[in-house]
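Letter by letter, the chains look like this.
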Amino acid sequence: MKPPAPAHACAIVLVLLPLLAVLQTTCAQKNAIDIYSLTVDSRVSSRFAHTVITSRVVNRADSMQEATFQMELPKKAFITNFSMIIDGVMYPGNIKQKDAAQKQYSAAVARGESAGLVKATGRKMEQFQVSVSVAPSAKVTFELVYEELLKRRLGVYELLLKVQPRQLVKHLQMDIHIFEPQGISFLETESTFMTNELADALTISQNQTKAHIRFKPTLSQQQKSAEQQDTVVDGNLIIRYDVNRTLSGGSIQIENGYFVHYFAPEGLSMIPKNVIFVIDTSGSMMGKKIRQTREALIKILEDLRPEDHFNLISFSREATQWKPSLVPASTQNVEEAKKYANSIKAQGGTNINDAMLMAVQLLDTATREEQLPSGSVSLFLLLTDGDPTVGETNPTKIQKNVQEAIGGQYSLFCLGFGFDVSYAFLEKLALDNGGLARRIYEDSDSALQLQDFYQEVANPLLTAVTFEYPSNAVEEVTQDNFRLFFKGSEMVVAGKLRAQSPEVLSAIVSGQLPMENITFQMESQVAKQEEEFQKPKYIFHGFMERLWAYLTIHQLLERMVSASDADKQALETQALGLSLNYSFVTPLTSMVVTKPEGQEQSQVAEKPMENGVNFSKAGVSLYARVHDLPSKTVGTPGLNAPVLYRYTSRKLDPDLRIPSRKGFLANPLLASSSSGGPTILDDYLDETMEETSPTAPPPATTSAAPAPIQAPTVILPLPGQSTDQLCVDIKRTPGPLLLLLSDPDQGLEVTGEYKMEKAQFSWIEVTFKNPQLQVHVSPEHVVVTRGRRSSEYKWKETLFVVMPGLTMTMDKAGLLLLSSPDKVTIGLLSWDGLGEGLRLLLRDTDRFSSHVDGILGRFYQGVLWGPPDTTDDSKRTLRARGFDFDATRELKLDYQEGTPGTEISCWSVAL
């Protein structure tokens with residue numbers, strides 16, 4: 001039955017009126033609070049980053065206004081200080097034990113005040129926000145300080161800074177100082193807001209051990225246009241770098257009575273691995289999740305080495321293994337596994353317990369029967385998106401069963417897909433068994449996230465690594481033994497020097513290779529190291545003690561996850577003491593922010609937990625959890641002929657109620673149509689239905705008049721000419737995969753897949769040898785791979801990346817440019833004009849070497865033009881690499897300046 005119309009209309013009015021009021025207030029008071037200075041000062045000393053954000057504002061209105069300080073910081077960072085200076089009076093943030101702040105927190109909530117100042121805002125960031133009332137003409141200074149240890153991942157450290165002033169700022173400046181005694185081997189910057197107009201505002205200086213990155217735009221550079229007073233500065237500034245390494249025991253650095261030992265030797269060979277992929281194929285994985293899982297699995301399987309062994313287990317209500325035992329990663333086995341991975345479908349419940357026990361049994365049998373290489377590393381990768389619902393469903397019992405079965409022999413890595421997953425359960429499951437857990441965020445790049453995580457653990461170099469120091473020289477050392485060391489990562493050990501420590505600190509690092517033990521010995525001169533960190537003014541002094549405390553707290557919190565109840569309290573007490581002593585806002589402490597009298601008094605900042613539920617972008621699906629839905633064919637009313645749909649992997653029941661953590665939900669897959677019958681929610685189905693009725697009328701088709709002028713497949717600037725261009729159309733190919741350009745002297749290769757039936761590229765890929773970089777573009781997105789790291793970008797996102805020897809930019813029009821002072825500039829574009837599709841652009845083509853090749857490269861050496869046709873001077877012959885082409889003077893649409901394009905006259909050839 002339809003609801004009464006007046007009630008419905010009233011509801012809309014009630015919703016809209018407050019919104020209009022907010023909008024009007026916002027517009028009326030725009031720029032009343034003027035941010036006249038915003039500075040970010042980040043100092044990275046030996047991987048430890050100390051970041052200070054200072055914002056100065058003034059109320060230019062003639063009435064009291066609310067000023068809001070909002071900043072995003074990395075999830076792994078600890079806030080160490082926050083203060084406000086209002087008319088010369090400082091209002092500090094006080095860090096207390098969480099229980100001690102609870103009364104203030106609860107009282108603020110009861111009054112309806114904003115109590116939680118920190119919330120998760122995405123994959124890597126948390127948002128800190130404080131508001132305060134400001135009198136007319138009064139000034140306020142906000143200062144936030146946070147610290148973090150940069151973790152080496154896939155060969156680089158990453159410092160992520162967010163800048164969102166939301167208005168033009170007279171003095172906007174970011175300074176990043178990096179000091180690494182080992183020497184900086186690689187440095188790149190990436191920005192999601194930088195434009196060519198802002199490029200001059202970014203300066204990078206670097207020598208052997210230090211780097212300084214400064215971003216200081218003028219007001220005019222910040223401004224979107226002469227007409228728009230809005231700022232273009234809104235997004236991320238990312239600094240990535242690595243340090244010099246050798247095949248040694250690493251680097252021991254000492255400062256102010258503390259030491260830190262970094263260990264990541266180069267030159268070690270990969271250890272063969274035995275890996276079992278345990279993949280959740282329950283009904284809740286249906287749609288995009290299972291498609292992305294299949295895509296990621298296929299890529300991961302391609303990365304297996306011949307000496308590796310592997311197997312796959314898929315599970316829903318029951319667990320199914322692909323092969324009866326682990327098999328070598330031969331070409332044939334990998335191809336078979338890819339076909340199997342491509343065939344998995346989502347349906348049924350979630351039986352994690354049986355799947356994991358089956359995986360352990362497989363490895364136990366292979367080990368007992370000596371089927372695996374001697375000295376190889378065995379591990380599991382578990383991917384699931386939810387709680388256990390079939391078989392053993394008690395998480396604690398599953399954790400106990402799996403831990404007892406593994407018995408410390410293998411490592412378990414858990415991937416939790418989406419926000420509905422019980423991350424706390426997976427985290428303990430992994431930490432109990434020598435691995436770690438990672439959340440996979442539901443997004444277009446979920447497959448890349450899966451692949452990147454696999455890359456982190458795909459290349460073991462050492463097992464059973466231990467660090468030893470003289471007991472009379474050090475104390476309170478952090479974790480000093482590790483089960484596995486992976487390529488691209490780094491082990492970090494820190495501790496205190498004893499009062500009577502020797503002049504030389506020695507260390508022994510031992511580990512196991514496949515057929516032998518290996519030992520590294522090293523020494524560090526205490527006085528020399530102390531002196532090295534005292535001289536530079538840009539070093540945050542005393543940082544190593546704080547680094548030690550930061551690392552110790554993180555390790556204590558991690559140990560608490562898998563500790564017994566008896567040990568957990570002692571670990572918590574120790575972590576709490578360090579958090580309070582060093583003023584860190586951790587999951588055990590809170591920061592109470594004081595304000596002037598008469599304003600909210602009890603705002604409290606708390607550290608969000610990854611396994612908590614306080615996510616601002618929870619990505620909540622339309623369902624809580626759906627398992628084992630019974631078969632039901634769903635009629636779709638309103639069509640001339642009855643059209644029946646069925647799920648390819650799960651059936652629907654309009655009467656089914658779905659269990660959730662809050663009771664039962666009505667079946668969210670069905671909604672009432674205007675005729676009272678059930679309809680299927682298209683955004684949920686996400687390509688999981690298939691039409692089964694042969695009587696359904698075919699979709700109506702209309703034939704649009706062909707455009708008189710379309711864009712060619714590619715436009716090539718002709719060699720030796722400044723204005724004329726060659727328009728090339730691909731009419732036939734020897735196969736879908738094409739080598740478009742290859743220049744070994746430039747270290748450049750461009751390939752593509754061309755679909756004749758669609759007359760367009762499915763993808764284009766650009767590969768550089770120096771720096772090692774691969775850019776893969778499709779109509780949907782841009783994927784950039786550097787080393788073993790992959791990042792996805794959407795077309796028409798602003799991007800500005802500066803790396804040694806190459807600059808990569810993308811503008812709002814979607815033009816992606818790869819340029820270098822001594823290389824050909826490659827442009828890529830997702831063209832949406834007439835003749836839409838991916839397009840390639842070339843600039844600076846005079847830089848091609850004499851060795852350039854490919855179906856397009858052949859037009860850049862030894863090209864000979866024949867005379868015009870005697871009967872038609874718009875036709876002539878072009879010879880390239882011994883092949884003759886008929887060239888015709890034609891009008892084409894030039895895509896090089898973006899949509900809608902302009903008409904040009906060019907010589908047109910067909911390949």
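Residues numbered from 1 in each chain as written. Predicted model: local features only at pLDDT ≥ 70, side-chain atom pairs only at ≥ 80, totals over all residues. Heavy atoms only, no water.

Undergrad: Describe the overall build of the protein, with residues and values.
TA: When helices and strands are tallied, the protein shows 13 helices and 55 strands. The buried share of the protein, reckoned over its 911 residues, is 53%. For the protein, long-range pairs separated by at least 24 residues make up 67% of all intrachain contacts whose partners lie at least 6 apart in sequence. Put simply, the protein shows about 41,700 Å² of open surface, and 50% of that area lies on carbon and sulfur atoms. (Helix = DSSP H or I, 4+ residues; strand = E, 2+ residues; numbered from the N terminus. Buried < 20%, exposed > 50% of the residue type's maximum accessible area, 1.4 Å probe, protein only. Contact = heavy atoms within 4.5 Å. Areas by Shrake-Rupley, 256 points an atom, 1.4 Å probe, with all protein chains shown as cover.)

Undergrad: Quick rundown of the sheet that holds strand β43 (residues 760-768)? Include the residues and the values.
TA: In spatial order, the strands read β41-β42-β43-β44-β45-β46; together these 6 strands make up an open sheet with antiparallel pairing. A strand with exactly one partner marks an edge of an open sheet, and here the two such strands are β41 (737-743) and β46 (789-794). Taking the axes of each pair of neighbouring strands and ignoring which way they run, one obtains an average angle of 15° across the sheet. Both β43 and strand β44 (residues 773-777) contribute to a ladder of 5 bridges, which runs antiparallel. Residue pairing in the sheet places F768 in a bridge with L773 of β44. Each of β45 (781-786) and β46 touches helix α9 (residues 446-457); the most contacted strand, β46, lies at about 165° to it. (Pairing = 2+ DSSP bridges. Axes fitted to C-alpha atoms, helices over the stretch in contact; angles between N-to-C directions.)

Undergrad: Please give an account of the pattern of salt bridges that cites residues and values.
TA: When charged atoms on two side chains of opposite charge get close, those side chains can pair. Per the stated rule, a full pass over the model turns up 35 salt bridges. As a salt-bridge pair, D452 and R153 come within 3.8 Å of each other at their nearest N and O atoms. In this pair, D452 sits in helix α9 while R153 sits in the loop between β8 (139-149) and β9 (157-163), placing the two residues 299 residues apart along the sequence. Residue classification places D452 among the buried positions, given a relative accessible area of 8%. Look at R153 and you get partly exposed, because its relative accessible area is 30%. For the salt bridge of R847 with D844, the shortest nitrogen-to-oxygen distance reads 3.6 Å. Note on R847: relative accessible area 30%, which makes it partly exposed. Among the ionic contacts, a cluster of salt bridges with common partners joins R47, R152, E180, D242, R245 and E490. (Salt bridge = Lys/Arg side-chain N within 4 Å of Asp/Glu carboxyl O.)

Undergrad: Lay out the sheet that holds strand β25 (residues 474-475) with the relevant residues and their values.
TA: Taken in spatial order, the 4 strands of this open sheet run β15-β16-β27-β25, and their pairing is antiparallel. Each edge of the open sheet is held by one strand with a lone partner, namely β15 (251-255) and β25. With 5 bridges connecting them, β15 and strand β16 (residues 258-263) associate as antiparallel partners. Residue pairing for β16: E255 is matched across the bridge by Y258. Here helix α11 (residues 543-562) sits on the sheet in contact with β15, β16 and β27 (491-497), set at roughly 65° to β16.

Undergrad: So what's going on with the pairing of β8? Which residues, and what values?
TA: Along any regular strand, the residues point their side chains to alternate faces of the sheet. Counting buried residues in β8 gives 9 out of 11 residues, a clear majority hidden from the surface. Pairing geometry for strand β2 (residues 48-59) and β8, over 11 bridges, is antiparallel. What sits directly across from A49, in β8, is E148. Pairing analysis gives 8 bridges linking strand β4 (residues 78-86) to β8, with the strands arranged antiparallel. Within β8, the residue paired with M84 across the bridge is F142.

Undergrad: Explain the state of the cysteines to me, and be specific about the residues and the numbers.
TA: With the rule as written, the count across this model stands at 1 disulfide. Two residues, C727 and C906, share a disulfide whose sulfurs are 2.0 Å apart. Of note, the bridge from C727 to C906 carries an S-S torsion of about -115° and is left-handed in sense. A residue pair is termed long-range when its members are at least 10 positions apart, and C727 in strand β40 (residues 725-729) and C906 in strand β55 (residues 902-910) qualify at 179 residues. Considered together, C727 and C906 belong to a single accessibility category, that of buried residues. (Disulfide = S-S within 2.5 Å.)

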